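Descriptive structure summary
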Amino acid sequence: MKRKLFLSLLCVTSLFVSNSASAAVTPVAGYSTNPQTSTAESPVWYTMMSSHLSEATRQNRFLKWDGENNRLCTEQYSDGIPASSLTEDHLWRLESANDGTTTHVYLVNYNGMRVFVPATAVAEDGDSPNRNTPLEMNETGSIWDLKTSTSTGISTDCAEGQYVLQFVDYSGESAFLNAMDGSLNFGVTVYAAGVHQASGWFFYETEYTPAVKTVSVTSNDEAQGTVAIEGQTGNSVEVPQSQAVTVTATPAEGYMFHRWVEQDTENVLSYRPTYSYTGNEDKAFVAEFVEKDYPLMTRYYIIGLDQQNRYLGEVSYTVGDETHTLFTCASEADLPFTAYTQLHATQMEGAVIDKTETPIQLTEGIESFSMKFKQYNSDIIYNDGSEAHTCAPQLIWTRQTLFIDWNNDKEFAGTDEIYESMGINSETNNFDDPNGSIENGWQRSIAIPEGTAAGTYRMRVVYMAPDPFTEDWPSKVFTDFFGELRNGVAYDFEIQIAQASGIEAVTESAIYYDAQAQVLVAPHMSKAVVYNLAGQIVMQAENADEVSVSALAKGVYVANIDGQMIKFIR
């Protein structure tokens, strides 16, 4: 049974002018209808065909909102849109503007968005750069005056049932909704004339029942975090296939969001706690939460797989006159190289490289230290199964920032924890070190906040090409950028600050630590007491020439041997 039309006193019948049988353009696929306004609660849906006549490529083109590519356009169907091709993108309704004029309407797509004319658009002929401005879609929309093509008086060569939509708020003479030609990618704009051609439209009412999908969400452990579907009270929803469904995950205290996966699979959908699903299939999503740790990061590349050689080859630090090497990479195996396999997709593997095993050793009261970073300068040959990629060194095509978790809350957002950006995206990049070079590396000074106590702190050094770039991009790494490294990589280091008390008295004598044997050598020792950096006693020994410390956990310790202090790293 045909859907009952909702009328809003559009008074279109008073606008009809009978046309001769010799009209220049006629509708296809049966008879068009006289369009009426309707509401979202009781919609009347139409497909709309441009009445352009002259160019074959512009004839019989139907208005479409291409949501995937975010553009308003027309699509050609010589005999009308077949049922197999009809989608929500082709469906439009007219909604009253409720401004006191019955013919004033909004043009609304099935997705609820309205056709909008940018303020810069120009409709008249001429050389204006804003002529042929593509129209947009938004929630506000522009008001149109719906009238028959004949009633404009521009041309008598019009067909019955042929309508125009005239932009009401245009400052010029007139601006009609107009289908553009192929050189303009068949977009949609406003134009001042041609109502018997592209500025005219035929409306075809359609009884369309959209296909639906069911989306549900669950948490892997409700004690660790909760899930929700935006706009819904329950954890399952049935919506049209074309409608996006946004799901959110909120971790509980002491936990953090890890990823969204499809139920009963390891198929990762997103590492963002808020995820918008735009697919057509039924889906059951599971939010995985884990115990809170340092922020998870993913990486992605935008041009080619051969971009993924953005590694450090050597890192050292200097305190006073002493320089210590943290690591060097002589081969691909030392990096370690973790292949990235799919452009634009986020991948967790290889995003953060853990270099905490060899700590940066400082003493309480030190105000700053410097670090030198060198690029890995050898090619990586990566075979993705179909072809070999030569990944040349590209670290210089990134920017650098770093974070230090001074308050030990396992976040990089506290006071003095976000350090400034260094460098530019360029082959001439020297990371703001005037003496830096690819061969010798780049050095930066790292300030330690005043009053920082002895303890262990996590440092994360980030290389990426932020987009969009702003000077404050370091503050956006874990917020606006969701921890996603665009064309980059990150390194984690550990800073161990020893207590100043007693450490200054460390002496060079016959007492020493043999790292290979993991023993404290102290000839004729009477008593040895070993402390961790928190000042706690972790080991004691008496009357021995050497003391094994192999049972201690890895870390920095201070030993008091007969009143002499020695610091050592297990």
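Criteria and thresholds
Residues numbered from 1 in each chain as written. Predicted model: local features only at pLDDT ≥ 70, side-chain atom pairs only at ≥ 80, totals over all residues. Heavy atoms only, no water. Core = buried A, V, L, I, M, F, W, Y, C linked by side-chain atoms within 4.5 Å. Buried < 20%, exposed > 50% of the residue type's maximum accessible area, 1.4 Å probe, protein only. Pairing = 2+ DSSP bridges. Helix = DSSP H or I, 4+ residues; strand = E, 2+ residues; numbered from the N terminus. Axes fitted to C-alpha atoms, helices over the stretch in contact; angles between N-to-C directions. 1 Å grid on protein atoms, 1.4 Å probe; cavity = no way out; pocket = protein on both sides within 12 Å on 5 of 7 lines; lining within 4 Å. Points joined across faces, edges and corners; volume = space filled by probe spheres on them. Nonpolar A, V, L, I, M, F, W, Y, C, P; charged D, E, K, R; others polar. Lys, Arg positive; Asp, Glu negative; His and termini not counted. Salt bridge = Lys/Arg side-chain N within 4 Å of Asp/Glu carboxyl O. Polar contact = N/O pair within 3.5 Å; in protein donor to acceptor, adjacent residues only side chain to side chain. Contact = heavy atoms within 4.5 Å. pLDDT = per-residue confidence, 0-100.

**A look at the nonpolar core**
In this structure, I360, F369, M371, I404, M459, F493 and I495 are the most contacted members of the largest nonpolar core, which totals 43 residues. Counting residues in hydrophobic clusters, the runner-up holds 31 residues, among them V117, Y170, V190 and A192.

**Quick look at the sheet that holds strand β16 (residues 245-251)**
Ordered in space as β14-β16-β19, the three strands form an open sheet in which the pairing is antiparallel. Edge positions in the sheet fall to β14 (225-229) and β19 (274-277), since each of these pairs with one other strand and no more. This sheet shows a mean twist of 20° between the axes of neighbouring strands, independent of strand direction. For β14 and β16, the ladder comprises five bridges, and the chain directions are antiparallel. The partner of I229 across the bridge, within β16, is V247.

**Section: the sheet that holds strand β15 (residues 236-240)**
Across the sheet, five strands lie side by side as β15-β13-β20-β17-β18; this open sheet has mixed pairing. A strand with exactly one partner marks an edge of an open sheet, and here the two such strands are β15 and β18 (268-270). The mean inter-strand angle of the sheet, taken between neighbouring strand axes irrespective of direction, is 35°. Of the strand pairs in this sheet, strand β13 (residues 212-219) and β15 are connected by five bridges, and their pairing is antiparallel.

**Some thoughts on empty space enclosed by the protein**
Enumeration over the complete set of coordinates arrives at two cavities of 30 Å³ or more. The wall of the second largest cavity is formed by R299, Y301, Q308, R310, Y311, G350, G488 and V489. Grouping the constituent residues of the lining of the second largest cavity by class yields three nonpolar, three polar and two charged.

**Examining the side chain of R399**
In this fold, R399 is placed in strand β29 (residues 399-404). For the buried R399, no salt bridge is present, and the opposite-charge side chain at shortest range is E471, 6.3 Å distant. Side-chain polar atoms of R399 contact the backbone oxygen of G423, separated by 3.5 Å. Sequence-distant contacts of R399, defined by excluding residues within four places in its chain, comprise S421, M422, G423, I424, N425, F431, V462, Y463, M464, P466, F469 and W473.

**What about the environment of Y311?**
Examined against the element boundaries, Y311 turns out to sit in the loop between β21 (298-300) and β22 (312-319). Polar contacts involving the side chain of Y311 include one to the main-chain amide nitrogen of T338, which spans 3.4 Å.

**Let's talk about the confidence of the model for the chain**
For the chain, mean pLDDT is 89; residues scoring 70 or higher make up 93% of the total. Every residue in residues 1-22 is under pLDDT 50, and counting partners more than four places away or in other chains gives 50 contacts. For residues 502-508, every residue scores under 50 in pLDDT, and the model assigns this stretch 10 contacts once sequence neighbours within four places are set aside.

**Here's the deal with the layout of surface pockets**
The calculated volume of the largest pocket comes to roughly 790 Å³. Around the largest pocket, the lining is made up of 20 residues, and of these G67, E68, D89, S242 and Q243 lie nearest the centre. Looking at which element gives the most residues to the lining of the largest pocket, the answer is strand β2 (residues 61-66), with three residues. By residue class, the composition of the lining of the largest pocket is six nonpolar, nine polar and five charged. Quantified by volume, the second largest pocket comes out at close to 640 Å³. Forming the walls of the second largest pocket are 31 residues, and the residues nearest its centre are M256, F257, P295, L296 and F478. Secondary structure elements with two or more residues in the lining of the second largest pocket: β16 and β17 (255-262). The element that contributes the greatest number of residues to the lining of the second largest pocket is β17, accounting for four residues. Of the residues contributing to the lining of the second largest pocket, the split by class is 19 nonpolar, six polar and six charged.

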